[in-house]
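# Architecture and fold: a report
Spelled out from the first residue to the last, the chains are:
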Amino acid sequence: MLSIREEVRWPVSNRAQLIAPDQTHPYFTSRRAASNPYESVFTSFRETDCAISPTGPAVPGEPWLLSEVTWKTVRATDYEVAVLPWGATEAHNFHLPYGTDNHEGDYVAREAGRRAWEAGARVAVLPGIPFGVNTGQLDIRLCINMNPSTQGAILSDVAHSLEAQGIRKLVVLNGHGGNDFRQMIRELQPASGVFISTINWWSCVDSKPYFDEPGDHGGELETSAMLHIRPDLVLPLSEAGKGKARTFRVKAFREGWAWAPREWTRVTEDTGVGNPAAASAEKGVRFLDAVTGKIAGFLVELAAANPDDMYE
Ligand SMILES: [Zn+2]
């Protein structure tokens, strides 16, 4: 099959007109670029186009973002890895939006996808699934639960679609602590020709050097990430609760070697777990740069791997 480099071309001048950064790429707004000391880390898409010809037609959209590309691009590209961001719709203290996990997962997937693509990996970032396992938050208004069995059925359908199309690798990029795809993958893998794997974006890199207290949910890590990704959706930190969480009376649960799900409204009053007070956009961009760089490296290695020969 043709590679995208042979068939699809992007003239620089046309691309610059097609992409209005403030409208179509909120992550790369000129406003943020002007004030962001780490801007060089996130080079503009316009400066990093993969294939450039002064004569070819302009192709809108980033070729690693399935939501933005057409059949013209897809037909011409040997996609090797599909990335499925999977978030949740839930309260995040008083200062972060219900879509926080989706904004974060989508950002990490598209940025890691961009970096992997530029390193030569043919990655397709799929539209994210916006509902997660929230059985412990059913008494919080508009927290939307999707049970693990439903998630397993969706994951199975996505994997079957990819298998029939010859795409042999699928990564579930998890953005929500209540989701756990490992058991679903164990169930699906024996009957699937697609190599399925999963990562939690927030734990790919040790967060301790980046934050005073990372926190679990709506805390310093997540708030810092959102202050970089969608600062327009974050209320002033003076509006946030302290994210104080009650712990189990039973010692084994406190020590972490025994586990049970938490009843969220009995644990926290503001729905947060972790204090966001020390969050900043600077911390967020530093951490996200490390995370997306590491995930991009994984995607490049996975794209080159033979699913029938995965062991050294
Ligand atoms: Zn979250």
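Going by the structure above, here's the rest.
Here, residues in each chain are numbered from 1, in the same order as that chain's written sequence. Two thresholds apply to this predicted model, a pLDDT of at least 70 for residue-level local features and 80 or more for giving and counting side-chain atom pairs, whereas whole-chain, interface and lining totals are computed over all residues. Side-chain metrics in this entry use all non-hydrogen atoms of the structure; hydrogen atoms and water are not considered.

## Some remarks on the layout of surface pockets
Site definitions follow a grid-based scheme: protein atoms alone, a 1 Å grid, a 1.4 Å probe that fits but cannot get out for cavities, and for pockets an open set with protein on both sides within 12 Å along at least five of seven lines, plus lining residues having an atom within 4 Å of a point. Grid points are joined across faces, edges and corners, and a volume is the space filled by probe spheres set on the points. Taken as a whole, the largest pocket encloses approximately 1,200 Å³ of empty space. If you trace the largest pocket, you find 41 residues lining it, with D216, W259, P261, R262 and W264 closest to the centre. Each helix is a run of DSSP H or I of at least 4 residues and each strand a run of E of at least 2, with the numbering of both proceeding from the N terminus. Contributing elements (two or more residues each) for the lining of the largest pocket: helix 6 (100-118), helix 9 (220-229), helix 10 (251-255) and helix 11 (264-267). With 3 residues, helix 11 is the largest single contributor of residues to the lining of the largest pocket. Three classes are used, and their members are as follows: Ala, Val, Leu, Ile, Met, Phe, Trp, Tyr, Cys and Pro are nonpolar, Asp, Glu, Lys and Arg are charged, and the others, Gly among them, are polar. Looking at the lining of the largest pocket residue by residue, the class counts come to 16 nonpolar, 14 polar and 11 charged. Tallying contributions element by element places helix 5 (residues 71-75) first for the lining of the second largest pocket, with 3 residues. Tallied by class, the residues present in the lining of the second largest pocket amount to 10 nonpolar, 3 polar and 2 charged.

## With respect to the pairing of strand 4 (residues 195-200)
The side chains of a regular strand alternate, residue by residue, between the two faces of the sheet. Here 6 bridges tie strand 3 (residues 169-174) to strand 4, and the two strands are oriented parallel to one another. Looking across to strand 4, one finds that V171 is bridged to S197. Regarding the hand of the β-α-β motif, the stretch spanning strand 3, helix 8 (residues 182-188) and strand 4 is right-handed. Any two strands are treated as partners once DSSP identifies two or more bridges connecting them. Orient the strands so they point away from the viewer, and a crossover whose first-strand-to-second-strand path over the helix runs clockwise is right-handed.

## Re the coordination of the zinc ion
Tetrahedral coordination by four donors sets the ideal angle at the metal to 109.5 degrees; octahedral coordination by six donors sets it to 90 or 180 degrees. Ligation of the zinc ion by protein atoms is provided by H92 (NE2), D101 (OD) and E222 (OE), these donors lying 1.8 to 2.2 Å from the ion. Sites may look incomplete because water is not among the atoms; the donors themselves are N, O and S atoms within 2.8 Å of the metal, or within 3.2 Å for Na, K and Ca. Read N to C, the donor residues that coordinate the zinc ion are spaced as H-x8-D-x120-E. Highlighted residues: H92 in the loop between strand 1 (81-86) and helix 6 and E222 in helix 9, separated in sequence by 130 residues. With respect to class, H92 is no different from E222; both count as buried. Partly exposed describes any residue whose relative accessible area lies between the buried limit of under 20% and the exposed limit of over 50%, with all areas from a 1.4 Å probe on protein chains only and scaled to the type maximum.

## Details of a nonpolar patch on the surface
Residues enter patches when their relative accessible area tops 30% and they take part in no salt bridge; the joining distance is 9 Å for like charges and 5 Å for the nonpolar side chains Val, Leu, Ile, Met, Phe, Trp and Tyr. Using a 1.4 Å probe, the Shrake-Rupley method yields the accessible areas, and only the shown protein chains count as cover for residues. Throughout this description, the term salt bridge denotes a Lys or Arg side-chain nitrogen within 4 Å of a carboxyl oxygen of Asp or Glu. A surface patch of nonpolar side chains, about 260 Å² in accessible area, is lined by Y98, L142 and I144. Counting through the fold element by element, I144 comes out in the loop between strand 2 (123-125) and helix 7 (148-164).

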